[in-house]
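Structural overview for review
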Amino acid sequence: MIKFSAPGKIHLLGEHAVVYGKPALLAAIDLRVTVSITPSPQALASKQKENIKKIIESIVKKTLNIRTIPSYNLTISSQIPIGSGLGSSSAVSSAYIAALLSFLNIKWNLEDVSSLAYEAEKVFHGNPSGADNTTVIFGGILWYRKKTEPVQILSQIKQFVLIDSGKPVESTKEMVEKVRIKLQESRIKVQKIFDDQERLVKELIVALKEGDQNQLVNIIREGERNLESLGVVSKRAQEIIRLVEKVGGAAKISGAGGVKSGSGMLLCYHKNSKALLALAKKNHLPTLSIKAGEKGLLQ
Ligand code: PMV
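Residues numbered from 1 in each chain as written. Predicted model: local features only at pLDDT ≥ 70, side-chain atom pairs only at ≥ 80, totals over all residues. Heavy atoms only, no water.

Turning our attention to the pairing of strand β4 (residues 141-144). On β4, burial covers both faces: Ile-141 and Trp-143 on one face and Leu-142 and Tyr-144 on the other are all buried. Two strands pair when backbone bridges link them, and strand β2 (residues 24-39) and β4 are joined in this way by four bridges, in the antiparallel orientation. Along β4, the bridge assignment pairs Ala-27 with Ile-141. Taken together, the two bridges between β4 and strand β5 (residues 151-152) define a ladder with antiparallel strand orientation. By the bridge assignment for β5, Leu-142 is matched with Gln-152. In this antiparallel pair of consecutive strands, β4 and β5, the connection spans six residues, and Lys-147 shows a positive phi of 65°. (Buried < 20%, exposed > 50% of the residue type's maximum accessible area, 1.4 Å probe, protein only. Helix = DSSP H or I, 4+ residues; strand = E, 2+ residues; numbered from the N terminus. Pairing = 2+ DSSP bridges.)

Now for the pattern of salt bridges. Evaluation of the coordinates by the stated rule reveals 15 salt bridges. For Lys-9, the salt bridge identified is with Asp-132, shortest N-O distance 3.9 Å. A residue pair is termed long-range when its members are at least 10 positions apart, and Lys-9 in strand β1 (residues 2-13) and Asp-132 in helix α4 (residues 131-138) qualify at 123 residues. Asp-132 carries the same exposure label as Lys-9, and that label is buried. In this structure, the salt-bridge partner of Arg-199 is Glu-203, at a minimum N-O distance of 3.0 Å. Separated by four residues within a single helix, Arg-199 and Glu-203 lie in helix α6 (residues 187-210), roughly one turn from each other. Looking at Arg-199, the relative accessible area reads 31%, which means it is partly exposed. (Salt bridge = Lys/Arg side-chain N within 4 Å of Asp/Glu carboxyl O.)

Of all residues adjacent to the ligand, which total 14 residues, the nearest are Lys-9, His-16, Ser-129, Thr-172 and Ala-256. Thr-172 places a polar side-chain atom, nitrogen or oxygen, 2.8 Å from an oxygen atom of the ligand. A total of 380 Å² of accessible area belongs to the ligand in isolation, and the protein chains cover 94% of it. Partitioned by chemical class, the residues of the shell around the ligand number five nonpolar, six polar and three charged. (Near = heavy atom within 4 Å. Polar contact = N/O pair within 3.5 Å; in protein donor to acceptor, adjacent residues only side chain to side chain. Areas by Shrake-Rupley, 256 points an atom, 1.4 Å probe, with all protein chains shown as cover. Nonpolar A, V, L, I, M, F, W, Y, C, P; charged D, E, K, R; others polar.)

Given 3.6 residues per turn, any residue in an α-helix points the same way as the ones three and four places further on. Most of α4 is tucked away, with seven of its eight residues classed as buried. Residues of α4 that are buried include every one of Ala-131, Asp-132, Asn-133, Thr-134, Thr-135, Val-136 and Ile-137, and no others. Here the buried face of α4 lies against β1, β2, α2 (88-103), α3 (110-125) and β4. Phi turns positive one or two residues past the end of α4, at Gly-139, with a value near 70°. (Contact = heavy atoms within 4.5 Å.)

Orientation of helix α1 (residues 47-64) relative to α2, taken along the N-to-C sense of each, is 55°, at an axis distance of 11 Å. Between α1 and α2, the angle is such that the two are oblique. Seen from above, α1 lies across α2 with right-handed handedness. Here Ile-52, Lys-53, Ile-56, Glu-57, Val-60 and Leu-64 of α1 lie close against α2, whose contacting residues are Val-92, Ser-93, Tyr-96, Ile-97, Leu-100 and Leu-101. By residue class, the composition of the contact of α1 with α2 is nine nonpolar, one polar and two charged. (Axes fitted to C-alpha atoms, helices over the stretch in contact; angles between N-to-C directions. Parallel < 35°, antiparallel > 145°, perpendicular 65-115°, else oblique. Left-handed = near helix turned anticlockwise from the far one by under 90°.)

Everything listed here is a matter of coordinates, which is why it stays silent on function.
Next comes the structure, spelled out in structure tokens:
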């Protein structure tokens, strides 16, 4: 059996702006997907798995000029909530691609898997920045900008709480399209927001490195305001975020967001994370305590 695992990710800041060439900060988290491949003459798979199989196999075949792939059984087990902005699709694609290349006895490195996973992201999301696949494969806390080498950031702040604002009804593709339309309609305003997110990303690197908790709270709050101005945060999520701010914390969407219903998992920070857990409990909101900066793709 060939087995690989990949982590989920959070966007510390810079989502959406990253699609337009601005930098983003992402981190691999301690929730993982494990993909196993077992050679088998009769491969049975559910419809959902068949779909992933079809996408990944056709990318691998096309890119590496492979005609046929021997039959195998595919197992996917995941700790990452699906469709909540935690990079579940990137993690599945990356671990699956690594397992499939190994099954085919093809030599590969992390860059190879990342560029194939990027092709899969295109099928899932349309116009991805490449930040998700890069983070789940290389791991750690990453400064990512399109067309440049990612940079690992060493950080003293690693503990965050995720509060579930509900699954978005919109796909990442739809949310990216929403922002594209907004940029077309109000170019100066949206460009200003992107510029401000870039400034905040730079300040965030310093705050994380220095373990400056007050500054971290301020930056997340400001970054979230910008995401709200971009129109990617739902009313429900904004209500929860305001509650977090009221008790002295900060929260933001992580990833594409959503407006019609939920906005996915909210990345929350408070000097005393117990305050966040108590707040969530009082409001009957599901939470996850996570560590940021975990390992990327692993065998
Ligand atoms: O919600 P996710 O995990 O699909 O993240 C999307 C992040 C965007 O910046 C909105 C798109 C991208 O490709 O970077």
